[in-house]
Amino acid sequence: MATLLLAAAGSAIGGAVGGSVLGFTAAGIGQAVGAIAGGLLDQRLLGSGSKTVETGRAKSLRLQTSTPGAAIPRVYGRMRVSGQLIWSTRYLETVRTTTQGGKASAPSATVREYSYSISFAVALCEGRIDRVGRIWADGKLLDTADLTVRVYTGEDTQLPDPKMEAVEGAGEVPAYRGTAYVVFEDLPVEQFGNRLPQLSFEVFRSVERGQTGPEAGTPLPSLIQGVAMSPGTGEFALETQEAAYLYDGGVRENANIHTPEQRPDMLVALDQLEAELPAARQVSLGVSWFGSDLRAGACELYPGVEARERDTTSAWSVAGQTRATARLVSTQNGEVSYGGTPSDASVT
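Residues numbered from 1 in each chain as written. Predicted model: local features only at pLDDT ≥ 70, side-chain atom pairs only at ≥ 80, totals over all residues. Heavy atoms only, no water.

Remarks on the sheet that holds strand S15 (residues 252-254)
As summarised here, the arrangement of the three strands in space is S15-S14-S20, forming an open sheet in which the pairing is antiparallel. One side of each edge strand has no neighbouring strand; the edge strands of this open sheet are S15 and strand S20 (311-312). Bridging between strand S14 (residues 244-246) and S20 involves two bridges; their strand directions are antiparallel. Bridge assignment links tyrosine 245 to a residue of S20, and that residue is threonine 312. (Pairing = 2+ DSSP bridges. Helix = DSSP H or I, 4+ residues; strand = E, 2+ residues; numbered from the N terminus.)

Given below as structure tokens:
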């Protein structure tokens, strides 16, 4: 600002004096002198702009506390547990340095961006468990797709975690045999306010059969060899590839992805089935169609669609019918109506 004001003032004074020196007018000379003086004054008052700017650096970092001597819980079926922090590293500070500016009117400035991560282990319950399902951080579902998370189910033969041994040294880390625990490796904590979030875990543990008989001690899920699956009435409920509806303006709406794993619902369901019922070899698939009448004797079954004029990323076809030839299901206020009218009742 001082550069502009003094340049204008110098030009005005030089113009009032008049004349020229070496071919330069007094007004031009006055403007140049005023600009130089104003630039020096700006640097004095505002700085040169080359001072390092730091963002995201934490003044203090906190660890989640744990209770010494806390009892190790037992889990049956499916339960949500919070666990106890049993090991952690120090916070790892990462600095990303960039240079901004650099023009003649604005000298370059160095910007340092700080981020933090931490590795830690959380004991869950007495083992052996089947698996860990969803994980919540500060009450919200945690997307673990891009995180390094290892689950130890509490086997009597499990070995120490490699990250813990890399930090503490080989032979210096217990294997926590008989205890189920989870290890997070280099978890970014910026989204949690540079602290460890309050974590809770969905834990699955099979209920064992009785203590007598030929199947004593065998987990019940290991005895189940067949199940019936009802995926619902969605147009792409059985689709194993990503499917989406396309609307005007480039709006895209997922048609078969509704879980934090960001994979088709059918694949997620099959993976969960395999994890919970490892002995299952047969699946009876219940496909939901529609009926023309609630009276069984007069009901005609048919596949239906919600809208014929709809752009999708996957082609829809059932029993030789396409979206253009299939019957429309009944709607109410633009939404699909199941049972709202005697016609188009959902039948499995």
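Observations concerning a nonpolar patch on the surface
There is a patch of nonpolar side chains on the surface, built from Tyr76, Val207 and Leu220 and spanning about 270 Å² of accessible area. Inspection of the secondary structure puts tyrosine 76 in the loop between strand S3 (53-55) and strand S4 (77-81). (Patch = residues over 30% accessible without salt bridge, like charges linked within 9 Å, V, L, I, M, F, W, Y side chains within 5 Å. Areas by Shrake-Rupley, 256 points an atom, 1.4 Å probe, with all protein chains shown as cover. Salt bridge = Lys/Arg side-chain N within 4 Å of Asp/Glu carboxyl O.)

Describing helix H4 (residues 265-276)
Because an α-helix completes one turn every 3.6 residues, residues spaced three or four positions apart along the sequence face the same direction. With twelve residues, H4 ought to run about 16 Å at 1.5 Å a step, and its terminal C-alpha atoms sit 16 Å apart, in line with that. When we look at burial in H4, the residues that qualify are Met266, Val268 and Leu273. An end-on view of H4 places all buried positions within 160° of arc, on one side of the element. Considering only its buried residues, H4 is in contact with strand S13 (226-229) and strand S16 (282-285). (Expected span 1.5 Å × (residues − 1). Buried < 20%, exposed > 50% of the residue type's maximum accessible area, 1.4 Å probe, protein only. Arc of directions from axis to C-beta. Contact = heavy atoms within 4.5 Å.)

Concerning the nonpolar core
Phe120, Leu124, Phe184, Leu199, Phe201 and Val203 are the most contacted members of the largest nonpolar core, which has 26 residues in total. Contributions of two or more residues to this core are made by strand S7 (109-126), strand S8 (131-137), strand S11 (179-188) and strand S12 (199-205). Leaving out residues up to four positions away in the same chain, leucine 124 has contacts with Pro73, Val81, Gly83, Val132, Ala180, Tyr181, Val182, Phe201 and Val203. Counting eight residues, the second-largest nonpolar core is a separate cluster that includes Trp87, Ala121, Ala123 and Tyr152. (Core = buried A, V, L, I, M, F, W, Y, C linked by side-chain atoms within 4.5 Å.)

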